[in-house]
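# Descriptive structure summary
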Amino acid sequence: MNNKKILLPESEMPRQWYNIVADMPTKPLPPLHPGTHEPIGPEMLAPLFPPALIEQEMTQDRYVDIPDEVRDIYRIWRPTPMFRAYGLERLLDTPAKIYYKYEGVSPAGSHKPNTAVPQAYYNKQAGVTKITTETGAGQWGSALSFACQHFGMECEVYMVRASYTGKPYRKVLMNTWGATVYPSPSDRTVAGRGILAQHPDSPGSLGIAISEAVEMALHDENTKYALGSVLNHVLLHQTIIGLECEKQLEMAGDFPDIVVAPFGGGSNFAGIGFPFLRHNLKEGKKIRCIAAEPTSCPKLTRGVFRYDLGDTVGMTPLLPMYTLGHDFIPAPIHAGGLRYHGAGAIVSQLLHDGLIEAQAHDQLSCFAAGIQFARSEGIIPAPEANHAIATVIQEALRCKEAGRSETILFNLCGHGHFDMGAYEQYLAGNLVEHEVTQAEINASLATLTTPLIPA
Ligand SMILES: *Cc1c(COP(=O)(O)O)cnc(C)c1O
């Protein structure tokens, strides 16, 4: 087969998601109550999430059925195409074979609708009429707006103020799908008013916006909250990406040696990686799964593995995670989706156990990689995806040096059409390198009083 584009027939779209917890040698540690530090039960999550999602958050079943109603909506853009990157291979003059899965064909332009749709569906089933959420760069907010609109639910989005003013078209996208968007910190919540009293000009952060969205959901029994990454059920929903890739690579007569994805909270990395990692865990295969993160927010490569909060104010359960500390505010790099202080519990346990790898890249080298990709393959990647491309190029050049033909698969998790401002700055030579200093990381971690992971 010599086709560049590998299309999966619609009839081959997966009918189940894959839950890696079933196959993990060490199961992830339980979430803890932020006050008592005791493991929490499903009842503590009930004010925030509908029963079906709480069950998925805790299940150890290996496979979970995808509801027909969800598959119907998935069919708007799924199965997504996979491509063989002949152009990039030629540019790099590498013997490596490079494939990429393209999630930018979804209505919101990223992988996020893969979980927004089932989350909206299970909330609708439970009689919920409104969902609140936070958004950084706007990708999650737009995905959830699209999904809520589909099921006739209200969607209220707390958007990090710096993005609200800096990325106005993401907001318009959400408004177009019927959502209401507030800049965060806002004066609508106790959390937001508290921050504004101290810092009237606060640019906001994901942690603050999460606190606001959670608070609004706790106020009203018909309102629930949704998170676009980090949690186990979110990772579960994203595995449709890798399950499709498996079938598409089989059509191409190939199997990966390396699987790469950018890393924010872990959802698209888990999505493409976990179905392949399953072969390592069950059949002793040795696929390298590499998470690519920014040097300005390097929780996997330079963070600590301990319990930490998901938000700034302390309203979420404590999760076992690789973290830079919940008060860590990363530099305003352009890969907004990667500016989160921690990683999900499953991914953190896998990294701790040496079953996955992580690499950090500076935003300048990421944009250089993204431009090489755009010029050789055509598609303009989201700045987040550029982190994966930087890793892929590095690995492909290593293959060239060693004269080895390895097969590399990566997730092109979104397009960059809403990020032209960032490309404009890069092309004008105005982007700066950014790597957080050890002193900054130490200062953030020193403030943590959350429980350590028992040895
Ligand atoms: C949200 C987002 C990310 C980061 O989130 P993960 O949960 O780590 O996938 C990466 N890329 C894009 C395009 C995103 O929208």
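As the structure is a computational prediction, the values presented were derived from the model and not from experiment.

Neighbouring residues of the ligand: 15 residues in total, closest Lys112, Ser229, Gly264, Ser267 and Asn268. One of the backbone nitrogen or oxygen atoms of glycine 265 is found 3.0 Å away from an oxygen atom of the ligand. Expressed as a share of its isolated accessible area of 380 Å², the protein-covered part of the ligand is 97%. Shared between two domains, the shell around the ligand holds at least three residues of each, these being domain 1 (48-66 + 111-232) and domain 2 (78-109 + 235-446).

Turning to the pattern of salt bridges, a few remarks are in order. Here the structure, examined in full by the defined rule, presents 22 salt bridges. Put simply, glutamate 244 and lysine 101 hold a salt bridge, and the shortest N to O gap is 2.7 Å. Of this pair, glutamate 244 sits in helix α12 (residues 240-251) while lysine 101 sits in strand β5 (residues 97-102), and the two are 143 residues apart along the sequence. Accessibility expressed as a relative area gives 0% for lysine 101, which makes it buried. Note that arginine 278 is salt-bridged to glutamate 246, the shortest N-O span being 2.6 Å. Of this pair, arginine 278 sits in helix α13 (residues 267-283) while glutamate 246 sits in helix α12, placing them 32 residues apart in sequence. Judged by relative accessible area, arginine 278 falls into the buried class, the value being 11%. One continuous salt-bridge network, built from bridges that share partners, spans Arg288, Glu357, Glu395, Arg398, Arg404 and Glu406.

Per the stated rule, a full pass over the model turns up two cavities of 30 Å³ or more. The volume enclosed by the largest cavity comes to roughly 400 Å³. Secondary structure elements with two or more residues in the lining of the largest cavity: β6 (130-135), α6 (139-150), α10 (206-218) and α13. Per-class residue counts for the lining of the largest cavity are twelve nonpolar, 16 polar and three charged. Each of domain 1 (48-66 + 111-232) and domain 2 (78-109 + 235-446) accounts for three or more of the residues forming the lining of the largest cavity. Taken together, Tyr18, Asn19, Ile20, Asn232, Leu235, Leu236, Thr239, Phe274 and Ile346 make up the lining of the second largest cavity. In terms of residues, the lining of the second largest cavity owes the most to one element, helix α11 (residues 232-238), which gives three residues. Grouping the amino acids of the lining of the second largest cavity by side-chain chemistry returns six nonpolar, three polar and no charged.

Between helix α16 (residues 363-377) and helix α18 (residues 420-427), the shortest axis-to-axis distance is 11 Å and the interhelical angle comes to 105°. As far as their axial angle goes, α18 and α16 are roughly perpendicular. Side by side, α16 and α18 meet where Leu364, Phe367, Ala368, Ile371 and Arg375 of the first sit next to Ala422, Tyr423, Tyr426 and Leu427 of the second.

What follows concerns the side chain of glutamate 89. Mapped onto the elements of the fold, glutamate 89 is located in helix α4 (residues 86-92). Accessibility expressed as a relative area gives 8% for glutamate 89, which makes it buried. At 2.6 Å, the side chain of glutamate 89 and the side chain of arginine 84 are in polar contact. When neighbours within four sequence positions are excluded, glutamate 89 is seen to be in contact with Arg84, Thr94, Ala96, Lys97 and Ile98.

What follows deals with the environment of threonine 450. As for its placement among the helices and strands, threonine 450 is situated in the segment after α19 (438-446). Along the primary structure threonine 450 and tyrosine 307 are separated by 143 residues, whereas in three dimensions their C-alpha atoms are 5.9 Å apart. Non-local contacts of threonine 450, meaning those with residues more than four positions away in its chain, are made with Arg306, Tyr307, Asp308 and Leu318. Among the polar contacts made by the side chain of threonine 450, one reaches the main-chain carbonyl oxygen of tyrosine 307 at a distance of 2.5 Å.

Domain annotation of the chain identifies domain 1 (48-66 + 111-232) and domain 2 (78-109 + 235-446). Here the C-alpha centroids of domain 1 and domain 2 sit 23 Å apart. Taken together, the contacts link 39 residues of domain 1 with 38 residues of domain 2. Around 3,100 Å² of area is buried between domain 1 and domain 2 when both sides are counted, 61% of it from carbon and sulfur atoms. The tally of links from domain 1 across to domain 2 stands at one salt bridge. For lysine 167, the salt bridge goes to aspartate 419, with nearest N and O atoms at 2.9 Å.

Scoring rules and cut-offs
Residues numbered from 1 in each chain as written. Predicted model: local features only at pLDDT ≥ 70, side-chain atom pairs only at ≥ 80, totals over all residues. Heavy atoms only, no water. Near = heavy atom within 4 Å. Polar contact = N/O pair within 3.5 Å; in protein donor to acceptor, adjacent residues only side chain to side chain. Areas by Shrake-Rupley, 256 points an atom, 1.4 Å probe, with all protein chains shown as cover. Domains from an automatic or database assignment. Salt bridge = Lys/Arg side-chain N within 4 Å of Asp/Glu carboxyl O. Helix = DSSP H or I, 4+ residues; strand = E, 2+ residues; numbered from the N terminus. Buried < 20%, exposed > 50% of the residue type's maximum accessible area, 1.4 Å probe, protein only. 1 Å grid on protein atoms, 1.4 Å probe; cavity = no way out; pocket = protein on both sides within 12 Å on 5 of 7 lines; lining within 4 Å. Points joined across faces, edges and corners; volume = space filled by probe spheres on them. Nonpolar A, V, L, I, M, F, W, Y, C, P; charged D, E, K, R; others polar. Axes fitted to C-alpha atoms, helices over the stretch in contact; angles between N-to-C directions. Parallel < 35°, antiparallel > 145°, perpendicular 65-115°, else oblique. Contact = heavy atoms within 4.5 Å. Buried area = accessible area lost by both parts, 1.4 Å probe.

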